[in-house]
Structure formats: structure tokens, C-alpha cells
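Structural overview for review
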Amino acid sequence: MAPKSGQSPNPSWFTPKRLLIIFCVINMLNYVDRGAIASNGVNGSLSTCTDSGICTPGSGIQGDFNLNNFQDGVLSSAFMVGLLIASPIFASLAKSHNPFRLIGVGLSVWTFAIAGCGSSFDFWSIAICRMLVGVGEASFISLAAPFIDDNAPAAQKTAWLATFYMCIPAGTALGYVYGGFVGSQFNWRVAFWVEAILMLPFPILGFVMKPLQLKGFAPMESKQTLTSIETDVSENGDDGMLAEDQGFIRGSSSTSILWNQFTRFSKDMQELLQDQVYVINVLGYISYNFVIGAYSYWGPKAGYSIYHMSNADLLFGGITIICGILGTLAGGLILDKMNSTISNAFKLLSGATFLGAIFCLIAFLFKSLSGFIVLFSMGELLIFATQAPVNYISLQCVKPSLRPLSMAMSTVSIHIFGDVPSSPLVGVLQDHINDWRKTALCLTSIFFLAAGIWFIGIFLKSVDLFNEDDEDQSATSIRGKMKPLLEGSSDGPSNT
């Protein structure tokens, strides 16, 4: 009897806790890189000259390659090009290739791309490497959360997801410190090379260890069985067939595989877009991320203008790091205590975002800096409590085989419609209003839109599909759906 999906006859070395730890370390390294390239030690500055003729040499990437501010800004977001393009591709490939091996492939690309960043020689070489970093990250972003969801204890699913997503603010903060130290003490190139060395063991593990099976996908043994059946048919069932006919069939088979991949992807996308729970969740997440993205970019500048902070970068960064870690972990633990259901997740999302928006709104109305810090910190704690619940919904509202695509399209959507356009749009608003306090209040009010959208989700009919049987549950069911290669033109049953 074929093993059930998600089980393996020989246990993998990866225990659930080991898997969580490894994925957290990988996620941390991803975001350490994000923080490092933005740090002063790695990013650097252009050379400057005073009126008296005294010049200070440039430093970091910007100084070595003489980049203008636009080019420098492109480098910080170039990874998104690869991430947005490759995320759906990796999610789709998970249906025909082992997802664990795909993570290994993606992390290999990431490692070589990061090493390439350290060896780059001009703007275009490092820009291309940054895009490839996004390609490598795409496989991990799409597939890691479903693996954690499969292996986490039932009563701690959102807590485990929260631990994983907590690595985002923690890794970014560590990246600022790491990049500043290594860049100033050694060289900005060393920072990238060390990152590549630290990541190298993980893609190796992805290839040499027995791969884990993701729930909702057929075990690799069944896929290999199907491949061998097709091979036997092509080798033994072609009596009397001309050589050119065999060649035509093989050529048609390659085209058919590509067409089937595209058809399956289109069908899966249609199923996602028809899922009201998923759509509402992502729409709320887009609105939420619109504000978060603009906060991260404009926050220090707004704080300096409104409260005349001398250390706005450090203050906003510190609040975001502490509240990001504590809030994310708290959100996961609270949802587990409430009983992890989609309806409860929407309640937590709506309530936490609504209350967080109120605290942040009042904070920007305060005249004193101390009052702002206290209220804004409380608001950020509530705002970051959404990270685990929003991803929990994306994983649980779809059948298991759609989870990678669900996570991929959620990531693509919140970037394309959320944080990518928010910074320039807020800049346009500030140019028009010319008052950072009013601009910050307008931006923060969008949190109420996110809370309202998620509030609608409470009343939608939601079903947890985690345990729903998929079309790929066993090798037997798949084999039963197969048509023999030579039966296509036959009207009657086969006589084998």
C-alpha cells in the first residue's frame, strides 16, 4: 500500500523542531541581507568636497561605483523583481517537483547571487545579482510556511508561524548592525561573502538529506512510478510504429508538459480568486502593508520633522524591532489560546489593527516626544500582532496543494499593490500638503480600511481545508486517472 501524502517510509532527519530552527535561521539570513545592504557600512555614501577644496572619499557600494541616489534606491529594491516573478513559478513547480528540493535550488541561487554581489564590478553587475537574490528567496518564501504548518503541533500552529515571521524584524535589525560593523572594519564586499558562507550549508542540506513531503502533494515515489509506467509504455507499446512517429510523440510530449503546467496554474489561480476568504484576507493585507511600507521609508524623516529628533533612525528602528518581535510572537500565542480558526484569526486581525490604528493616530497628534513614543509603541505592538494570523488564514483557507501558490500570490500582491507604490504616493501627498503631521495622519488612517476589510471576513463562511483530501493523495489514485499512451485514439477499453 502506498504511503499517505506527507508521510515517508523512512523518517527524515528533520524533526519538527529542527525544521523550525533551520527555517528561522534561513529567514533571519534573508533579512540580515536586507538590513545589511541598507546599512551605512555596506551602502556607504558618495565622495564630498567642501568649498575650501577639502574632499572626503566615498565609501561602500555608492562610493565605489559612484551611484546616484536613484541607482542606490534601485539596489535596495531590485530583489523584488526576481521575487515577484519567481514566486508563482516555484509555487507552480511544487506540483511536479519535490518542494523540499525546490527550496534547495532556490537557496543555491541565493548563495551564488550573494557571492556575486560581493564580487560585482559596477552598477549593473550588482543590480542583476540583487535580482537573482530575489529569485532564490522566492522558493523559500512560497514553500517554508506550508512546511511549518504541516509539522507544527496542532495547538501551536500560529505560535510556530509567529516564531518564523518574528525573524523578519529581528533579521533586519541585525543586518543594520552587522553591515555597519563589517563594512567599517573590513570592506562592504566581505559582508556579502560572509552571508554566502553562512547560507551555504542549507542548500547542501536541501539536496543531500532525505526530502520531506509536503501535505497535498503526491510522494516522489509515486511520481517516479508514473514516470516508469510511461517509459515502459513508450518502450514496449510501440510495435509497428514508425521512428518519425515516435519522435513526433516525444516532441509533442514536451509541448504538452508545458501546456499542462500553464493550464494547471491558470486553474489554480482561478480557484484562488474565487475564494472569498482568501481574497478578503489579501485585500486587507495589501492595505495594511501599504502603511507599513511607507512607515519604514518615511517614518524617520516624518519623526525628525514633527518632533525634531536628532536620532530619528535609531528611535524608529528600535521601536520597530522591539515591537515587531514582541507583537508578532504575541499575535501567534493569542490566536492559539483563542482556538486557531479562520473566523478567530479575522477577529484578531480586525481588532488588533483597529486598536493599533487608534494608538498610532493619537501618537501623531501628541505634541510631546515622550507621549508619541509611548503611544506609538503600543500601536506598533498591536499592528505587528497580525503577522501570524494573516498568514495562518492564507494557509488554512485553501486546500493543501494550493498553499504554496497561496503564499506566493499573497507575497506578490502585498508588494505590487502595497509597499512598492506607497512610498512614492506618500511623497506626492507630502509635496502637496507640506506638513508631515497631516501626511502621517492620512497614512495611518488607512489602517482603518484594513481593519474594516478583515472585519468583513468574520462573517464569511469559512472552512479549514487543511485536512481536505487532494487529487494527489496516493499513487493509486493518480495511476487510476492515467490513460495509457496508446489508448488516445481507441474508443473501447484496453485489452491489456
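Computed from a prediction, not measured in an experiment: that's the story for all the values here.

**Details of the overall build of the protein chain**
Looking only at helices and strands, the protein chain features 21 helices and two strands. The long-range fraction of contacts in the protein chain, counting pairs at least 24 apart against all pairs at least 6 apart in sequence, stands at 81%.

**Let's talk about the packing of helix α15 (residues 342–365) against helix α19 (residues 436–444)**
The interhelical angle for the contact between α15 and α19, taken along N-to-C directions, is 175°, at an axis separation of 9 Å. In terms of orientation, α15 and α19 fall into the roughly antiparallel class. Residues A357, C360, L361, F364 and L365 of α15 form the contact with α19, whose participating residues are R437, A440, L441 and T444. Each residue belonging to the contact of α15 with α19 can be placed in one class, and the counts come to seven nonpolar, one polar and one charged.

**Details of the packing of aromatic side chains**
Tallied over the full model, the rule gives 19 aromatic pairs. Here F140 and F164 contribute two aromatic rings whose centre-to-centre distance is 5.8 Å and whose plane-to-plane angle is 55°, an arrangement assigned as tilted. With a gap of 24 residues between them, F140 in helix α7 (residues 123–151) and F164 in helix α8 (residues 157–185) connect regions that are remote in the sequence. Overall, F164 belongs to the buried group, its relative accessible area being 4%. Taken together, Y285, Y288, Y295, Y307, F364, F372, F376, F447 and W454 form an aromatic cluster joined through their ring pairs.

**Quick look at helix α10 (residues 201–208)**
Buried within α10 are the following residues: F202, P203 and G206. Down the axis of α10, the sector holding all buried residues measures 100°, keeping them to one side. The elements touched by buried residues of α10 are α1 (16–38), α6 (99–118) and α9 (188–199).

**Some details on the pattern of salt bridges**
Counted by the stated rule, this structure contains six salt bridges. With a shortest N-O distance of 3.6 Å, K157 and D149 are connected by a salt bridge. Comparing K157 with D149, the two get one shared label, buried. Here E271 ties to K399 by a salt bridge, and the two come within 3.7 Å at their closest N and O atoms.

**Examining the state of the cysteines**
Scanning the model with the defined rule gives zero disulfides in all. In this structure C323 is a free cysteine whose sulfur lies 9.1 Å from that of C360, the closest cysteine sulfur available. A relative accessible area of 5% means that C323 is categorised as buried. Classification of C360 as buried rests on a relative accessible area of 0%.

**Here's the deal with the side chain of S394**
Locating S394 in the fold gives a position in helix α17 (residues 387–396). Separated by 3.1 Å, the side chains of S394 and N281 make a polar contact. Beyond its immediate sequence surroundings of up to four residues, S394 is in contact with Y278, N281, S406, M407 and S410.

**Re the nonpolar core**
The biggest cluster of nonpolar side chains holds 119 residues, and the ones touching the most others in it are F23, I61, Y288, F346 and F376. When residues in this core are grouped by element, the largest group, 16 residues, is from helix α13 (residues 276–307). For Y288, the residues in contact, after removing those within four places along its chain, are I383, F384, T386, Q387, F447, A450 and W454.

**Some remarks on the environment of F147**
Along the chain, F147 falls in helix α7. Since its relative accessible area comes to 0%, F147 is described here as buried. Separated by 131 residues in sequence, F147 and P16 have C-alpha atoms that sit 9.3 Å apart.

**A short note on α7**
The end-to-end C-alpha distance of α7 is 42 Å, a good match for the 42 Å that 29 residues give at a rise of 1.5 Å each. Considering bend angle alone, the principal kink of α7 is centred on L143 and spans about 30°; proline P146 follows within four residues of it. In terms of burial, α7 is a largely internal element, 22 of the 29 residues being buried. Two to three positions downstream of the cap, the backbone nitrogen of W124 sits 3.4 Å from a side-chain oxygen, assigning the N-cap of α7 to D122.

**What to know about a nonpolar patch on the surface**
A contiguous nonpolar surface patch, about 430 Å² in accessible area, is contributed by V105, L200, I204, F207 and V208. Of all the elements, α10 adds the most residues to the nonpolar patch, at three residues. In this structure, L200 sits in the loop between α9 and α10.

**Re the confidence of the model for the protein chain**
In low-pLDDT regions, the fine details of the predicted coordinates are not to be read closely. With 78% of its residues at a pLDDT of 70 or more, the protein chain has an overall mean of 79. By mean pLDDT, helix α21 (residues 475–481) is the weakest element of the protein chain at 39, and helix α20 (residues 446–458) is the strongest at 95. In the predicted structure, residues 220–249 sits below a pLDDT of 50 and forms 29 contacts with residues beyond four places in sequence or in another chain.

**Quick look at unusual backbone geometry**
Positive phi, normally seen in glycine, also occurs at N339, with a value near 85°. Along the chain, the position of N339 falls in the loop between α14 (312–338) and α15. Although it is not a glycine, N434 sits at a positive phi angle of roughly 60°. Summarising the element assignment, N434 is placed in the loop between α18 (403–433) and α19.

**Examining the side chain of N30**
Checked against the element boundaries, N30 lands in helix α1. Judged by its relative accessible area of 2%, N30 is buried. If we skip the residues at most four places from it in the chain, N30 touches W110, E137, F140 and M199.

**Observations regarding the environment of S343**
Among the secondary structure elements, S343 is positioned in helix α15. Taking relative accessible area as the criterion, S343 reaches 21% and is therefore assigned partly exposed. What S343 contacts, discounting residues up to four positions off in sequence, is I458 and S462.

Parameters and conventions
Residues numbered from 1 in each chain as written. Predicted model: local features only at pLDDT ≥ 70, side-chain atom pairs only at ≥ 80, totals over all residues. Heavy atoms only, no water. Helix = DSSP H or I, 4+ residues; strand = E, 2+ residues; numbered from the N terminus. Contact = heavy atoms within 4.5 Å. Axes fitted to C-alpha atoms, helices over the stretch in contact; angles between N-to-C directions. Parallel < 35°, antiparallel > 145°, perpendicular 65-115°, else oblique. Nonpolar A, V, L, I, M, F, W, Y, C, P; charged D, E, K, R; others polar. Phe/Tyr/Trp six-rings, centres within 6.5 Å; stacked < 30°, edge-to-face > 60°. Buried < 20%, exposed > 50% of the residue type's maximum accessible area, 1.4 Å probe, protein only. Arc of directions from axis to C-beta. Salt bridge = Lys/Arg side-chain N within 4 Å of Asp/Glu carboxyl O. Disulfide = S-S within 2.5 Å. Polar contact = N/O pair within 3.5 Å; in protein donor to acceptor, adjacent residues only side chain to side chain. Core = buried A, V, L, I, M, F, W, Y, C linked by side-chain atoms within 4.5 Å. Expected span 1.5 Å × (residues − 1). Bend = angle between axes of the 7 residues up to and from the residue. Patch = residues over 30% accessible without salt bridge, like charges linked within 9 Å, V, L, I, M, F, W, Y side chains within 5 Å. Areas by Shrake-Rupley, 256 points an atom, 1.4 Å probe, with all protein chains shown as cover. pLDDT = per-residue confidence, 0-100.

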